[in-house]
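So the chains spell out like this:
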Amino acid sequence: ATLNAALSDSHSEKDYQQVYNAIANQIREYDEYDGAIGFGPALVRLAWHLSGTFVGPVGCPHISGGSFGGTIRLPKEASDPANNALENARWVLEPVKKQFSWISYGDLYTLAGVTAVQEMGGPKIGWRAGRKDLGVEYASTGKLPDASRDADYIRSLFVKRMGFTERETVALIGAHALGSCHVQAPVLPGATKSQGVGSGYTGRWTAAPNFFTNEFYRLLLEDKWTPKKWDGPFQYENKDELMMLPTDMALVQDASMKKLVVEYAKDQEKFFKDFAPAFKKLLELGIDFKGNKTYEFKTLDEQDL
Ligand code: DDH
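Rules used throughout
- Residues numbered from 1 in each chain as written.
- Predicted model: local features only at pLDDT ≥ 70, side-chain atom pairs only at ≥ 80, totals over all residues.
- Heavy atoms only, no water.
- Donors = N, O, S within 2.8 Å, 3.2 Å for Na, K, Ca; no water.
- Helix = DSSP H or I, 4+ residues; strand = E, 2+ residues; numbered from the N terminus.
- Phe/Tyr/Trp six-rings, centres within 6.5 Å; stacked < 30°, edge-to-face > 60°.
- Buried < 20%, exposed > 50% of the residue type's maximum accessible area, 1.4 Å probe, protein only.

Undergrad: Even after reading the chapter, I still don't get the coordination of the iron atom of the ligand, so can you show me in this structure?
TA: Under perfect tetrahedral coordination by four donors, a metal shows angles of 109.5 degrees; under perfect octahedral coordination by six donors, it shows angles of 90 or 180 degrees. Looking at the iron atom of the ligand, one finds just one donor atom contributed by the protein, His176 (NE2), at 2.1 Å. With respect to the secondary-structure elements, histidine 176 resides in the loop between helix H8 (166–173) and strand E2 (180–181).

Below is the structure:
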């Protein structure tokens, strides 16, 4: 079973490009957010957390989760501890939702992930419209990964439960070139203090956390990572105070995943080529788009905006 996307979508690719532009302008507007990282990484994480609740794989009779219903907007799913700090990502998209009230939250949040990857210099991600907002009975909790675990756990979630290949799995986790981990959620523009807690982990993975690159793999392989001495959860650090989660280190502790890390560390183009369809697949888990067309959006730069 799959959830069926709206077929006769009355909006055109041009309309969705307008939404893309509005999201991209929000990223530009608030570029000082989170220590001048901006909202790009948070929007990628929002799209992933909305989609990564999927229990399938496609074709199995009892699917649940996924991006279709936009259910991360609902308090039940938003308050899953795995979604800590994502209220900020939803905050920055609310003006876009007001301007384009016809778009569903599932479409808006997935399009925001696509926009953020592209605006941060990543590959073009094909995207399809047609998700419909669903109610709280479709909200999904407890399905997102626990960062303290190992490679077999990652396989059990991504390969067995969501239907990704191991290659797609390793490519997706390369998104950790972006953003950072937070003990406290970053302070919102205009506010004076943090509105909530983060994951409890701390630090950035790379020195350029708002550029989409293969740096995550290169650092994972080439740097020396040691356990961080602190009161927080077990994590790794290098001499430059960059960080890795236990699940990140798992990618080089496992022989077959490590091969892919080596490949992506050497070849950013190959990483981009594999990431783009894997991210599209993530955003579409459990959805039957029927004949809906795949759109590819222009960046603001490409439009001279
Ligand atoms: Fe992640 N991620 N992620 N992640 N993730 C965190 C931040 C970001 C795990 C744990 C964490 C993916 C996979 C995994 C991004 C994208 C993606 C944080 C820190 C934790 C913890 C949150 C905070 O404190 O604010 C684990 C575990 C996994 C796993 O696979 C086992 C994937 C697949 C993606 C993706 O996008 C495809 C991004 C981006 C961030 C940075 C967010 C920010 O605000 O900055």
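Undergrad: Explanation requested: the packing of aromatic side chains in the structure shown.
TA: One pass over the structure, following the stated rule, counts 25 aromatic pairs. Measuring from centroid to centroid gives 6.1 Å for phenylalanine 39 and tryptophan 91, while their planes differ by 25°, and the two rings are stacked. Here the residue phenylalanine 39 occupies a position in the loop between helix H2 (33–36) and helix H3 (40–51), and tryptophan 91 occupies one in helix H5 (residues 86–99), the gap between them amounting to 52 residues. Residue classification places phenylalanine 39 among the buried residues on the basis of a relative accessible area of 0%. For the ring pair phenylalanine 275 and phenylalanine 279, a centre distance of 5.2 Å and an interplane angle of 20° mean the geometry is stacked. Taken together, the residues span about one helical turn, with phenylalanine 275 and phenylalanine 279 both in helix H12 (residues 268–283) at a distance of four residues.

Undergrad: When you look at the environment of leucine 93 in this model, what are you seeing that I'm missing?
TA: Structurally, leucine 93 is set in helix H5. For leucine 93, a relative accessible area of 0% translates into the label buried. It is 8.9 Å that separates the C-alpha atoms of leucine 93 and leucine 43, two residues lying 50 residues apart in sequence.

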